[in-house]
Structure formats: structure tokens, C-alpha cells
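Observations on chain architecture
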There are 4 protein chains.
Amino acid sequence: MSEALLDPLFTTDAMRAVFDDHARVQGMLDFEAALARAEARLGIVPAAAAFVIASACQAALYDFAELGTSTRLAGNPAIPLVKALTAEVARRDAEAARWVHRGATSQDVIDTGLVLQLREALRLLDDAQIRLARALEALARAHRLTVMPGRTLLQHAVPVTLGLKAAGWLAAVQRSRTRLRELVPRVLKLQFGGAAGTLAALGARGPDVAALLAEELQLAFPDLPWHTQRDTIAECGAAVGLLGGSLGKLARDIALLMQSEVAEVFEPAGHDRGGSSAMPHKRNPVGSVVAQAAAARVPNLVATLFAVLPQEHERAIGGWHAEWETLPAIFRLVAGSLAHVTEIVEGLEVDVARMRANLDATLGVSFAESVTMALGAKIDRAKARQLVEAASKRAIVEQRHLRDVLRDDAEIAGHLSEAEFVALFDPQNALGASAAMIDRVLAANQE
Amino acid sequence: MSEALLDPLFTTDAMRAVFDDHARVQGMLDFEAALARAEARLGIVPAAAAFVIASACQAALYDFAELGTSTRLAGNPAIPLVKALTAEVARRDAEAARWVHRGATSQDVIDTGLVLQLREALRLLDDAQIRLARALEALARAHRLTVMPGRTLLQHAVPVTLGLKAAGWLAAVQRSRTRLRELVPRVLKLQFGGAAGTLAALGARGPDVAALLAEELQLAFPDLPWHTQRDTIAECGAAVGLLGGSLGKLARDIALLMQSEVAEVFEPAGHDRGGSSAMPHKRNPVGSVVAQAAAARVPNLVATLFAVLPQEHERAIGGWHAEWETLPAIFRLVAGSLAHVTEIVEGLEVDVARMRANLDATLGVSFAESVTMALGAKIDRAKARQLVEAASKRAIVEQRHLRDVLRDDAEIAGHLSEAEFVALFDPQNALGASAAMIDRVLAANQE
Amino acid sequence: MSEALLDPLFTTDAMRAVFDDHARVQGMLDFEAALARAEARLGIVPAAAAFVIASACQAALYDFAELGTSTRLAGNPAIPLVKALTAEVARRDAEAARWVHRGATSQDVIDTGLVLQLREALRLLDDAQIRLARALEALARAHRLTVMPGRTLLQHAVPVTLGLKAAGWLAAVQRSRTRLRELVPRVLKLQFGGAAGTLAALGARGPDVAALLAEELQLAFPDLPWHTQRDTIAECGAAVGLLGGSLGKLARDIALLMQSEVAEVFEPAGHDRGGSSAMPHKRNPVGSVVAQAAAARVPNLVATLFAVLPQEHERAIGGWHAEWETLPAIFRLVAGSLAHVTEIVEGLEVDVARMRANLDATLGVSFAESVTMALGAKIDRAKARQLVEAASKRAIVEQRHLRDVLRDDAEIAGHLSEAEFVALFDPQNALGASAAMIDRVLAANQE
Amino acid sequence: MSEALLDPLFTTDAMRAVFDDHARVQGMLDFEAALARAEARLGIVPAAAAFVIASACQAALYDFAELGTSTRLAGNPAIPLVKALTAEVARRDAEAARWVHRGATSQDVIDTGLVLQLREALRLLDDAQIRLARALEALARAHRLTVMPGRTLLQHAVPVTLGLKAAGWLAAVQRSRTRLRELVPRVLKLQFGGAAGTLAALGARGPDVAALLAEELQLAFPDLPWHTQRDTIAECGAAVGLLGGSLGKLARDIALLMQSEVAEVFEPAGHDRGGSSAMPHKRNPVGSVVAQAAAARVPNLVATLFAVLPQEHERAIGGWHAEWETLPAIFRLVAGSLAHVTEIVEGLEVDVARMRANLDATLGVSFAESVTMALGAKIDRAKARQLVEAASKRAIVEQRHLRDVLRDDAEIAGHLSEAEFVALFDPQNALGASAAMIDRVLAANQE
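This one's a predicted model, so the numbers in the text were calculated from it and none came from an experiment.

1. Comments concerning the overall build of chain A
- Broken down by element type, chain A carries 20 helices and four strands.
- A globule of 447 residues ought to have a C-alpha radius of gyration of about 22 Å, yet chain A, at 30 Å, is considerably larger.
- Along the first, second and third principal axes, the C-alpha set of chain A runs to 100 × 50 × 35 Å.
- Looking at chain A as a whole, 68% of its 447 residues are labelled buried.

Listed below in C-alpha cells is the structure:
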């Protein structure tokens, strides 16, 4: 729920503004104003009336608390708003009041108002993703060759680079942007159908009004109303939710890398940032934590949008209402996550030396695969595997570097030269196709 | 999110107040005041300091927006609040400021504050359930013998009574109350463990402080802190969520019974209640719709609480944060649902004649089972079934009452007397154990 | 879970086969065979060895139960399968066994195997959607002008046509097909990265192997491996889930229309179809029920895929494993739903007369809006609304048709001619833009 | 879905058997046999017929695949099973066939059959929890004083003991057992209501039959049928799901402690256990991973049970069907998780030295709080905090132990004696109330 106390932590001011009471009411009023203008263009509504109506379509003129009280009785906020708008228009021009909300139904007002909010919300998200993509690109470039332990199941595997990790995070943002672009034509579309979706109240003029209304609002004009066909709403929530999940992955990686025992990267420090009330020395992964909290909440908000897809006949008995606070909550949480993650990436402190030290701490056993491959090319592969496995265990038990254990192993030493030993244990030789992969992702970012 | 526009529709003022910024801050301050008092009783904190601290523990003294801004940096609202409290105490008595928050950690403050809010929230829910139970009891009593079609898969089955339906709704509320009582000792318990849950900062005095603190707050004293063992939080959300689901079932039944074609019951009418912006004559199931919307949203909020149970070590990286707005949202939605459903049940308009007419509209085929049983006692059961099935089809095709079709069927008529025919098709004879079932539920309500 | 008892109800044989043990193992073996071939083309693996490996890559050669037992210890099915494959290859050609699984990691095998299954699953879904779209198109055409009550909040609103409902269902299938086409390039892509995603074990040859492997399998070649970037997996589940929801909407409409009191359409009858064990005369909406059950389950399976997006570093500690049964379950349920819904639409029984009778049963009050509009054009709009509202109430109270009540109302009668009265209450005049909307959707189906 | 390949990883053989086709069919047949016996005791059914019916109630007599095919048409498995049972009885005694399924409806059969499965499933879970509780008790006792770093937000906080962690895990299992015991009277209850829940087909004998049937099956006798009041089913899933979450927390802790950089505990090693296909030296947290996967899946299965609570009238249109595979899946996953976690705890390898080394690696800064408290008792508290904070930063920058930095600080050294310095940095002195907390949990385990 929207709160002064927690909202700054969980969302951004900008996204909060897109979905607050004022924006919700203004979205509905923008619909009413555009409807009056469209109908005036067709001569259905007198131009003067349309002018008065449009001038009354300013959210600041209405008392949200009063509208809220009436919403409880009416079952939706459009009914009291249209009443209040009609009264406001009547106050200015009694005749004009006849022409308010002509041919529309509550859901037309609310859904189109929502779509207008979504347009702004998607724009904000896209801008924020571009900014994050730039930061990730810079990180990938800067650390293209910065070696660190690859970790599978939280165990050291063969080395990777920080650049490769950054490229992986970046590619997810790229896919997110593509996905959100793809759904725009499906999502940013007019809702306009009247009482049961047939535009019956406008007789033969319905389609013309709809077309002009779409034009006024610069929204797509769907083949038919979507009062109870909500797949595009759920789809929108899902696409934003996927971004939230990808940010959660990035954040979890950061939080794991910030662990006291790992200490390879740090969220940017700052006055009062990430302090602990009990332990003055700690630096907490505040942003990562919030991004992970968002990634835990968003999937279930998305599930709600999916769960209410079976909406009854021409207007649902609850499914539609269940969307009202849910879709905004997804946008709010993901925007907050995006802001935190962007701050983290832009200000990320990287301890390259520690990465190298951590790599060494596992005594070269993460190079065992390369050694097995190299040795397997010379002797029987199964035998090679068995020998290296035994040597790895010895390395750990004796706390000696695997290279040294191997060098001392008569069965192995003869097959590998000193130069080969050095090369095999040089992480820069163990990066495989990492650089090429990074470059492909960076190239995609230029497009 | 909390909004002037939609909150009145989706929640109650009382529950809204339990979980707003003020209540959240006051819950945390109540913890700090009680901590100071408990420590004063043990001589750890000077009594005078405890007095000053307690006097500064009033939410109204603090600027929530400012606390919100700092929360974004700190990662939780307790850190800035403790700072602000310390400053406020210092303003009154510099020496007393030393003793604020002694031995506690942020999560102690936030969790115990939450538990205090939950105590109030559970009290509100229990009161509201008692009121609903009373209304359902009255309904069950009044309509103990009011016959209506039983409906399975939305098809007419054998008759039931409205009293039996009401008893079913009531039994669910009874189970909900039992369940919520059972979890109180697990949920309403102190959180107090200090930095890592060991109360280390209080040395040997930890357990004594904890015990007195629990006493001050009248909370249970758990065997150990539960900073990352959150099953009781999830359990609490689940139990409230179950109630939300049972209310959703009741609401769905009402919405289905209000259908234009069924029209057996109606939500109470009222000025402006349930109107339609486009269709002046309609009376919409507003309350049922909101209760069903809640029942669609709550399961996924519950799922979030379950999903974040695996919290890391001594303090989680996101799981805990994901609870903060989620558990309150469950209470808010279920309280709103409960209010709507109670209004509906208390003011339910019942059209007994229509129920009887609907029963007749299926031409007696819903009595086919009784006829089959009666006939099956006289002739071969399979044969009986086959005959009645054929007669039922004929009844529907010919739009004649099954009783008349059967009477005209030579193979059947001989086996059943006219009195038997009349009795078989008297719905009051077809209610089986309904009355006994209702009485059992009503008796349970007296306890 | 997969069962002889319930699978036929909940899924199709074809989709069941795509995700059974055999298909899962064959998918993994297809990866191994293709890998050997790709590496042979590059001279990394001897051609003869590749031939032997490929010939051993037949699922029927392996004991799934034995693999299952080993999977419990290994943590994934690829490890025991690769071992069993290596043994099988060795049995045929000891030398060839050296070359099995060269440079790959378990997740490469499992994920690429999954992608191959997904390709087949998506093909099945597309075929099934085409078939459903055709059936819906036929329905929309046949009932372009079949008038029935529009229903909002389950109350009669202005009339619609069955054709319009069918067009709405059809448009959702069209969007689903578009959506599933859009994600193909993102989803049907090779997974190949080796131990930590760098292809290190293949040295400089990694990218070439990857490219040829993608070619062998006719899969897209991603910029980099996606071992812990699972947004495309979740996206795939979401897109299929949206279809499941749209089918649930269609099914719910059918079940509501089949109600005893509504009786406007019926699922096709058939031997043993939809019978009731206790009530011989009933015809249950079996297919609709299954489709709605699927629509209730799928959203939460989708949520699981979203919840596990934050996968750790280069290989997750549980998130990946949580996908294994979840994504197949989504496909299975939606395929089952699609089959049921298609059967329903193809064999739908429509009672046109009953639709018209139901329309009349609300005594013309669903035409109140048109009357209000017509009257509002002649007298003051607010006054018109008030008069019609009063007349509607009288119509219901007195159980007379609204038309007759209006005719008898002195304040109204003078303003509307008899011809206007007749026209206003002719449903064919009240369909607004329905036909045009249907035509737009049908036109889109030709594309 | 149930599979030879993955089932051994995700569930146990025993739990798999409780919910397989055989058990499902046997549960339904046990209902039919008991119904015949109960009705025979009341003289409704001839004793001889009841005997024949009971003798035919063996699952092995029926063809599940054939039942499955018919289930697709019938909409539930009880209808074809009752038919097959009737045929089987008729084969033995034509007259007896009349008396099969007397007065019952499909849902009575299926739900009571399920309850019988749940009784066995809950027994299995309780046994498994007792075993885990014993293992955790032993671990807590053995490591009551084993010091390790406390970790909040994955950062070192003040020390804890492994015993305290084990006690936390144990307390969660204790609460789980309490919770599962509490719901038994609500969940293990007869379902018996006939066509619409009124027992109408049994006339006045309904309640007597129901009471004897409950006695035969040793199930509770509910006040009224619960065909569409499913809160106890959802509650059962939720309680099991809470256990799954608590196991997930334990598993996540283990996986984090097993990290290469932490290496404080290890899952038990074993032949082929936790190997990596690409990296021979790795030991993967296989069991922890599976337990975390279960903890990710179960919340959404629970959500499904909650989402379908609003079931329509006397029999639902999909909600009930959505439960059929969902509740068993929860039990299966949690049983699997429990087995893995128990194996882990029973065989846990603990590296006490490494714990101590990790504690030292943070250079004493985790003792900063104690030092601040000690110093704050002698000088101004704010000043103390400031000094220690500065010293902590210096310790990290200079990579010297905080103790040494403090000793060298003129402003501090004077206030603390050498003995105080030693004591302050002795982890055994920093454990606060840990031992007392452990003892309380262990004492509770004796009850």
C-alpha cells in the first residue's frame, strides 16, 4: 500500500505519481474530454459543450476522498466521477451537462484511463532500462578481462569474468526492452464499447466515434472491446514482471558477491546508506535486498492477473476489480527495483585483487577440468579424469595448490611440460569464449 | 496501494488505521518505550531516562515523509526512527538519549511493532466474524425450510434449503475463528534477539530483559528469536486468507443467485448502491464483486509469504522486506470483504416464491433421483434408472412436468400410488438430513 | 502428476508424449548426438566416434528407473544419462566413449533437450489453436445476428449476439498465436556453455562448435548461454498461461450459459459424456469444468517460473530444478484445456429461441438505455433518465413489459411514436457496432 | 508429474505410493466397501450384498487406463469406477449390484478417498518430522558451544553457535508438528452428502448411515458435508507448505555454508552423490538444492488451493478439479524435501576450525558492538560509538585485528584493561543467551 514510510524504499517518486489517485482520476477525465471532443467532431455533441466538458476534466477540481466514499457504494470510481464531472460541467453550463460520458460505460472510462497511465509507465520503464543498459555496458567493457571464480551451485567452477556476468545481466535487459516494445500495440489500445461492448447507445455512429476517440488519445483501435478479454493486461504485467525477475537475479548475484567471505564487489557507499542499527561497521546490500524483495513479490501479483483472466460474459464479477491495484503494484515495485539496481551498477565498487585471491583460494581445483582435458588428449580420458580427481582431493586435503600436486605426481608430470602447467593454470587462458560472448552482447546494445 | 479513491471500496477504515504509517510507527515506538521500561525495572537503564524515552514514543512527534526518505538509504524504517527518537529524547534530556534502543536490533523493533498491529487486527477480524456469524445464524434459522434448487456444476440437482446454504457459510466462519484462535500463541509473540539473535549486547541480562519486555507488551515469550524463522507470519497470513476464500465462496453464491435469470436473493439496496452508469435499472452485486476480487488477490499474497520462508542465516536478503506490505494487504482485503459480506447477509433480500418457481421450472427432473430410488425399491434398480432417465428426457423435450410424464408411463405408473407421486415431488420431503445438519451448525454457534 | 487415471481428463495424449520420460531422455540424447556430429565436422571428434555416439542416442536403450535412482544422488538426470551413454558407446566402441559429451555441462544437455521438447510442444499448440480458431470463426459467422442478452456483473444489460461473443473468444486466440510466434526466436535457442558458461573446455573452438551445434539442431544461437538467465523460460510459460486463461474465460461463459435457468448453449452430448452418478437426467459442463480447472492451476505454475528467476551466479541452487516439472505441467494443462474447449465449440448446441426468451424475460428493461437516449434527445436528459428508471422499476414490480409501461406513461408516451416504440425494443436495432466488430475479427483470421 | 526419471529426486517412494493411481482407486473403493457395510448394519443393504461389494473393492481388480479413458467423458473418476465396481459385483452376484454406492454422490467417493490418503500421508510426514527433530536435537546438543559467524544480510554480525542455528531449525519443525496435529480433526473427516449434500436419497436414515460410515472409516463426522467448503483442504496444503518453507530455510542456510569461500559445513558425501559432470572435484549441495526447489514450488501450489476456495453452490465448476493433483503434489514435494534435509542433518560434516577461522577473518569487527557497549559504559555512548566505528574502518583498511587497533588508540586503550580486551574478543563471551535459548528448544523437544 502507498505509504510515506515505505514507498521511497520500494518505488520511485515518478512511478508513484503515475499511479496515484490524481493520475488515476486524470486518466479517466482525459478519456471523458477526448470522448466529448471526438463526438463534437462528428456533430454528436455541440462543440461548445465539448469545450466546457474538456475544461472541467482536471483532476484537481475533484475531491478524491469524497469520490472514494461514493466508490464504495457504486462499485467503481467511474460512476461517482462521471456524476461529479456532470455536476461540475452543469455548474459551468447546464446544457453541456447533457453531453457528458455520451455512449460510454464505466469500464470504458476506467480501462482507457489505465491505458493512458500504462503509456506513461512504460515510457518511464524504458528510459530507466536504457540507463541501466548503459551502466551495464560500461561495466562489461571495463571488466571484460577481470577474472573471478565462476560459481555453480555456489561452488567454485572454472573462472569467468565480471564482464561476462555483466553481459549476461545486460542481455536480459535487452530482451526485456524488446518484449515491452512488442506488446505496445496489443496493450496501448482504446477501451470503448458502451454498456455491453456493442456501442449500441451510439447507433450507427459507434465505430466513427471509437476511431476518432482513439485518434484523440493516440491509442490503437482494437477490433473489438476487451472488457472481459484481459490477456493483454496480464501480458503487460508479465512482461514487467520478467524484468523484475532479471533484476532480482542481478541483485542476488551482487548480494552473494558482497558476502563477508567473498567481498568481491560492493554496492556504492554513501552517507547513511546500508548502515546497521546494532553494528556500526557493517555495509549492507540495501539496494540488492530491495530488488530481491520486489522479485519475490511480483510473481504473485502477476499470478493474480492470470488468475482473473476468466472474466464473466460482458463484465466480470470481481476479476476486473482484482486488477485495479495489482498491475500498478507490479510497475511500482519493478520501477523501485530498477532504480536501486541502476544505482548499484553505476556505483559498483569492484575488488579485482580479491577476485583473484578467491580464485587462488580453491588451490587451482577449478582448473581441474582444463587439466583433465589436456591430459585426456594424451592418455586415456577416463584414466585422466581419475588421476586429476585424486590430485584435486589431495590438493584440498593437503592444502597445496593443485598445480604443485600434479607436478609431483609421476603418472601425470611426464605428460605435461612446465609451460603447459603454467598455461593451464593461467585464468586468462581458461576463459574460453567469454570475450566473444561479451562482444556479441555489446554489439546488440549498439543497435 | 493505499488510496483515498479505492481504499473505501476494498478495506475498512478501522483496518486501514491498524496498518497505516502512524500505526506502524507507533508499534515500533511502543516497543522502544516498553524496552526502556523493562530495562529500567532491571536497573539497566535509569528510571528517569526510561520515563523520558517513553514520553517521546508518540508517533505524532515524527515526520513520516522524512523517515521515509531515510528509510530508502538505511534499508528499513527502524534505523531512521531510532535515530529520530534518540534525537527527540536528547532534546528533552541529553543523558537519557544514551539509553534508547539498548540491546535491540532493527528487526526486533519492526517485528514486535508488527505483532502489536497484528493483535489489534486479529481483534477486529474476530469481532467482525462474530457479527457475521450472528447474521448467518439468523439467516439459517429464518430459512431453515425455505426450499430452493440445489445446484451442482450450475445444473439443478435435488432441492436444498437456503438455511442449509447459510449453515455451510456459517460453519466456515466457525472454523475460521477456531483457526485464528489456535495461532494466537504462535503469532502474538515478542521479537527480541539483538544483532544476531543472541541478545549478546545485554550479556547475562538478556533473558530477563526479554521476559520483562514480553510482560510489558503482554506478548508471548518465544523459546528463541524468529528473525528468519517466519512460518508463523506466513501461517497468520494463510489463516486470514482462508477466511477470505470462504467469504469469496459466499459472495460467489450470492452473485450467482442474483443473476437476472435466477433472481432468488439480492444484496440490500440502498441510495446509490450498485447502480450502473449506463443502465439505470440495474442493481449490481457490488459487495459480492468486491469480496470475490479479494478472494482472487489474497491467495497470491499468501503465496508471497510462503515463498519467502527460506530466509538467509540470521537476517534475510529480501525475504523479510517482501513481507512488510504483503501481510497488511491480506488483512486489509479480508477486512473489506468481511464488511461487504456482512452487509449483504444482514440485509439480504430473499425471494422465496422465485426459489420455488425456479425449482418448478426444471419440470421435476431434479426429483428424478428420489423417483429412481423409490421405483428401484420395487422393480430392478437398473431398469428403474433407465425408465426414469427416459421419462426425464421426455419431460424436457415435451416441456411437461416429470410427475405427469411418469403418471402416463404404463411401466411406471402401476408401481407408484398417487400419494406416492405427490410425496415424491414435494420438495419438503426431499430435504433429507438438511434440518439436522443446520441444527448441528447452529448448536456449534452457541458454544 | 502423470497418471493413467487423471491424465486423459487433464491433458492430451500428444502433449503427454512430448513431456514424458522417453521424450525427456530423447531430447537429451539428441543434444549429445548433435554435439558429437558438430565436433566431428570440426575434426575435434573422430567421425567414426561421432557415428557410434549418435547410434547410441536412442532413448529406448536406457532404463529410466535406473536413471531415476542415480538422478537422486547426482542431482540431475544428465549426469547418470551421460554415464549410461558413455557405457553404451564403450560397449560398441571403447575408443569412441572418450568423445561423449565433449565440452558440455549437464545443464547444456538438459536445457537444450527441453528446448527440443518445447519446439514440438509449441507446434502442437499452434495446430490446436488453428483448429479452435476455425471452429470459432464458423460459430461467429453462423451466429453473427443471433441475439442474446448481454450480461454485465451477471445482470442483463443491452443485447449482444452470440457471434460477438465468439469473435471475442476468437480474437484472444489470434493474440495468443501472435504472442507465441513472437517468442520463438527468444525461446527456441541452443543452450551450450560448458562448466561455467564460457565454453572453456573447448578452448578457441567453442564458438564454432556452438554454431554448428545450433545448426545441427536447427535452433537459434544465442549471444551467450542462459544457464541462470531464465526470463525466456518464464516468458514461454507465461504466454502459454495466457492462452490457458483465455480458454478459461470461454469455458466460464459456456458453463454460465448452460445453467439450468439460462440454458442457451450446451456442450455437445455424447455417450457417457457429462453424466452424473446420482442424477441420471443431468448433462454436466465437463469440458468447461476442466478448462476452468486448468485456468485456476496454470497462473500459479507461471508464478513459480517467475519466482525462480533470481538464479545464483552461473548455476542455481534450486531455481532451475523448480522449473523441470513446472513448465511441462503448464503445456500439459493448456493442451488439455484446448482440446476440451475445441470439442465444445465444434459441437456447441445453441438454443436460439431460449436466448430470445431470456431476453424477453427481463421485460425490456435491458432496452432502458436506448429509451433513455431516445427520450433524452427530446426532453431534458436527466428528466428522461429519471422517468425511464421509474418505469423500469414499475415494469419489474408489476411484471409488465417496459414497452407497455412506457406507452402508458403520459409524460413519455407523447414523445415517442408507436413505430419508435417498436424499433426501440427490437433487439436487432440494439446491436450497435456488433456486426462490424465481428467482421474485423473474422478478417484478421483470414490473414 | 509422476515420472521414473525425476520422482526419486523430488519425492519419496512411500509418499509416491500414497498418491499413485492404485492408492487413489483403493481410497475410493474403501469408501464404497465401508458404505455398504454401514448400510448393512442398518439393514438398508442386505448383509450378503455388502459382503460381495466389499470383496470387489480391491484396486487390483480394475484397469486404471480404462478408467482414465472414461474419466475424460464422465468428468471425474468416481463415475466410471462405480460403474466398473457395479459390473464386478454383478459378475459375482447380480442382486448385490443393486446396492452399490447407495445414496452417495461422486464427490463423496472422491473426497473421502482423498481423506483416507491424507491420513496416511500425514502419518508419514509426522514420522519423518520426528526423525528430523531427533537429528536436529543431536546437532544442537553437539554444537551447543560451536562458535561461528552470525550473518545478517550475508554480512558477518556478532557470533552465534551452530547449536543455536540448529535450535532455530528444530523449533520450526516443532511448530510444524503442532500445526499438523491441530488440523487433524478438521481435515480427517468424512465426506458424505449425496447429490446436493442433503443425504436426501437416504431419507430419514441419512444421518445414521453417515455416522456409521464415519465409524467404519474411523473418520470424524462433520456437522455437514463440505463439498464446496474447501477451507480445510486448503488449510491442510498450507500447513504442509509451511513445513516445506521451513525446510527450504534450513537448506538455504546449508547451501550458503557450503560455499567454497565459507566451507563451514557439508552435506554428507557418498558414492556418486553431488558430483559434477564437468568438474570432477566438486561436491554439490544436492539435497539442499532439491529442498529449495520444493520450497519454490510449494507456495504456488498452496495458492491454487486458496484460489479455488470460492466454489459454486453445491458442486464447483472447476475449483474442485483443480485440487486433485495439487494437494498430492504438495505432499510429494515436501516429503522429498524432508527426506533430503534429514539425510543432510544426520550426516552433516562440520568444520569447526573453519568456522573459527572465518570468524577471525573479519578482524574482530563483529565484536565492535560489544566493545561499543563496554566503552559506552565508561565514556559518552555516542563518543564510544564514533571511536569504535573509526577503529573498525581502520582495522579493515589496514587489515589489522580490531583488538590491536583499539589497543593502539590512545582515546580507548586507557578505558579498557588487557583482560577486558581479551574477554571482549573471546567469542564464547559474546554468545549472550544462546545456550539458554537452545536449552528451551531442546526441553520442548522432550515433551
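There's more to say after this.
2. Considerations on the relation of the copies chain A and chain C
- After a rotation of 180° and a shift along the axis of 0.0 Å, chain A superposes on chain C with an RMSD of 0.0 Å. The transformation just described matches what one would write down for a two-fold rotation axis. It is A:Ala303 whose C-alpha, among those of chain A, lies nearest the rotation axis, at 2.8 Å.
- Of the residues that chain A buries at the interface, 100% are likewise interface residues in chain C, meaning the two copies contact each other through the same surface.

3. A look at the pairing of strand E2 (residues 155-161) of chain A
Residue and element names in this part refer to chain A.
- Among the seven residues in E2, seven count as buried, and that is most of the element.
- Judged from the five bridges that link them, strand E1 (residues 147-152) and E2 form a sheet pairing that is antiparallel. The partner of Val147 across the bridge, within E2, is Thr161.
- Counted along the chain from E1 to the antiparallel partner E2, the turn is two residues long, and its residue Leu153 has a positive phi close to 55°.

4. Regarding unusual backbone geometry
Residue and element names in this part refer to chain C.
- Its identity as a non-glycine residue notwithstanding, Ala263 has a phi of 55°, on the positive side.
- Tracing the backbone through its elements, the reader meets Ala263 in the loop between helix H10 (231-257) and strand E3 (265-266).
- For Ala263, a relative accessible area of 10% translates into the label buried.
- In this structure, Gln399 takes a positive phi of about 55° despite not being glycine.
- When you line up the elements, Gln399 lands in the loop between helix H16 (381-398) and helix H17 (402-407).

5. Describing the relation of the copies chain B and chain D
- Once chain B has been moved 0.0 Å along the axis and rotated by 180°, it coincides with chain D to within an RMSD of 0.1 Å.
- Most of the interface of chain B is mirrored in chain D: 100% of its interface residues are interface residues there too.

6. Here we look at the interface of chain A and chain C
- Contacts between the two partners involve 89 residues from chain A and, on the opposite side, 89 residues from chain C.
- Each partner contributes to the roughly 7,600 Å² buried at the junction of chain A and chain C, and carbon and sulfur atoms together form 61% of this total.
- Between the two partners, chain A and chain C, sit twelve salt bridges.
- C:Arg186 is paired through a salt bridge with A:Glu182; the nearest N and O atoms lie 3.1 Å apart.
- At the boundary of chain A and chain C, one finds 38 residue pairs in polar contact (both at pLDDT 80 or more).
- Elements represented by at least two residues in the side of chain A that touches chain C include exactly E1, E2, helix H8 (162-187), helix H10 (231-257), helix H11 (286-307), helix H15 (368-376) and helix H20 (434-446) of chain A.
- Its residues assigned to classes, the side of chain A that touches chain C comprises 48 nonpolar, 20 polar and 21 charged.

7. With respect to the side chain of B:Arg175
- Following the sequence through the fold, B:Arg175 ends up in helix H8 (residues 162-187).
- Look past the residues within four positions of B:Arg175 in its chain and what remains in contact with it is D:Arg186, D:Lys189, D:Gln229, D:Asp231 and D:Thr232.

8. Digging into the packing of aromatic side chains
- Applying the stated criterion across every chain yields a total of 20 aromatic pairs over all chains.
- Put simply, the rings of A:Phe10, B:Trp320 and B:Trp324 touch in pairs and so form one group of aromatic residues.
- Its end group placed over the ring of A:Phe425, A:Arg403 keeps NZ or CZ at 5.8 Å from the ring centre.

9. Comments concerning the interface of chain B and chain D
- Across the boundary between the two partners, chain B contributes 89 residues, which contact 89 residues of chain D.
- Taking both partners together, chain B and chain D bury about 7,600 Å²; carbon and sulfur atoms supply 61% of that area.
- Where chain B touches chain D, the interface holds twelve salt bridges.
- Notably, a salt bridge pairs B:Glu312 with D:Arg252, separated by 3.0 Å at the nearest N-O pair.
- On inspection of chain B and its partner chain D, the count reaches 38 residue pairs in polar contact (both at pLDDT 80 or more).
- Those elements giving two or more residues to the side of chain B that touches chain D turn out to be strand E1 (147-152), strand E2 (155-161), H8, helix H10 (231-257), helix H11 (286-307), helix H15 (368-376) and helix H20 (434-446) of chain B.
- Considering each element in turn, the side of chain B that touches chain D owes the most residues, 15 residues, to H10(B).
- Taken together, the residues of the side of chain B that touches chain D sort by class into 48 nonpolar, 20 polar and 21 charged.

10. What about the packing of H10(B) against helix H13 (residues 326-346) of chain B?
Residues and elements named next belong to chain B.
- Packing of H10 against H13 leaves a shortest axis separation of 9 Å and a crossing angle of 30°. Classified by the angle their axes make, H10 and H13 are roughly parallel. For the pair H10 and H13, the crossing hand works out as left-handed. In this structure, H10 contributes Ile233, Cys236, Gly237, Val240, Gly241, Leu243, Gly244, Leu247, Leu250 and Ile254 to the contact, and H13 contributes Leu327, Ile330, Phe331, Val334, Ser337, Leu338, Val341, Ile344 and Val345.
- Classifying every residue of the contact of H10 with H13 by side-chain character gives 15 nonpolar, four polar and no charged.

11. So, the packing of helix H7 (residues 106-142) of chain A against H10(A)
Residues and elements named next belong to chain A.
- In contact at an axis separation of 13 Å, H7 and H10 are set at 25° when each is read in the N-to-C sense. Overall, the two elements H7 and H10 adopt an arrangement that is roughly parallel. Handedness of the H7/H10 crossing: left-handed. Where H7 approaches H10, its residues Leu114, Leu118, Leu125, Gln129, Leu132 and Leu136 are matched on the opposing element by Ile233, Cys236, Val240, Leu243, Leu247 and Leu250.
- For the contact of H7 with H10, a count of residues per class yields eleven nonpolar, one polar and no charged.

12. Some words on the pattern of salt bridges
- This structure, assessed with the given rule, holds 151 salt bridges over all chains.
- D:Arg151 serves as the salt-bridge partner of A:Glu261, at 2.6 Å between the closest nitrogen and oxygen. Residue A:Glu261 is found in the loop between H10 and strand E3 (265-266), and its partner D:Arg151 is found in strand E1 (residues 147-152); the two belong to separate chains.
- For D:Arg151, a relative accessible area of 2% corresponds to the buried category.
- Between D:Glu235 and D:Arg186 there is a salt bridge, and its shortest N-O distance comes to 2.5 Å.

13. As for the environment of C:Asp409
- Mapped onto the elements of the fold, C:Asp409 is located in the loop between H17 and helix H18 (410-413).
- Put simply, C:Asp409 and C:Val388 are 21 residues apart on the chain and 9.9 Å apart in space, counted from C-alpha to C-alpha.

14. Description of the confidence of the model for chain A
- Mean pLDDT over chain A: 94, with 96% of residues reaching 70 or higher.
- Model confidence for the complex is summarised by a pTM of 0.96, with the ipTM given as 0.95.

Rules behind the numbers
- Residues numbered from 1 in each chain as written.
- Chains lettered and ligands numbered in written order.
- Predicted model: local features only at pLDDT ≥ 70, side-chain atom pairs only at ≥ 80, totals over all residues.
- Heavy atoms only, no water.
- Helix = DSSP H or I, 4+ residues; strand = E, 2+ residues; numbered from the N terminus.
- Rg over C-alpha atoms; globule rule 2.2 N^0.38 Å.
- Buried < 20%, exposed > 50% of the residue type's maximum accessible area, 1.4 Å probe, protein only.
- Least-squares fit on C-alpha atoms with pLDDT ≥ 70 in both.
- Contact = heavy atoms within 4.5 Å.
- Pairing = 2+ DSSP bridges.
- Buried area = accessible area lost by both parts, 1.4 Å probe.
- Salt bridge = Lys/Arg side-chain N within 4 Å of Asp/Glu carboxyl O.
- Polar contact = N/O pair within 3.5 Å; in protein donor to acceptor, adjacent residues only side chain to side chain.
- Nonpolar A, V, L, I, M, F, W, Y, C, P; charged D, E, K, R; others polar.
- Phe/Tyr/Trp six-rings, centres within 6.5 Å; stacked < 30°, edge-to-face > 60°.
- Lys NZ or Arg CZ within 6 Å of the ring centre and 35° of its normal.
- Axes fitted to C-alpha atoms, helices over the stretch in contact; angles between N-to-C directions.
- Parallel < 35°, antiparallel > 145°, perpendicular 65-115°, else oblique.
- Left-handed = near helix turned anticlockwise from the far one by under 90°.
- pLDDT = per-residue confidence, 0-100.

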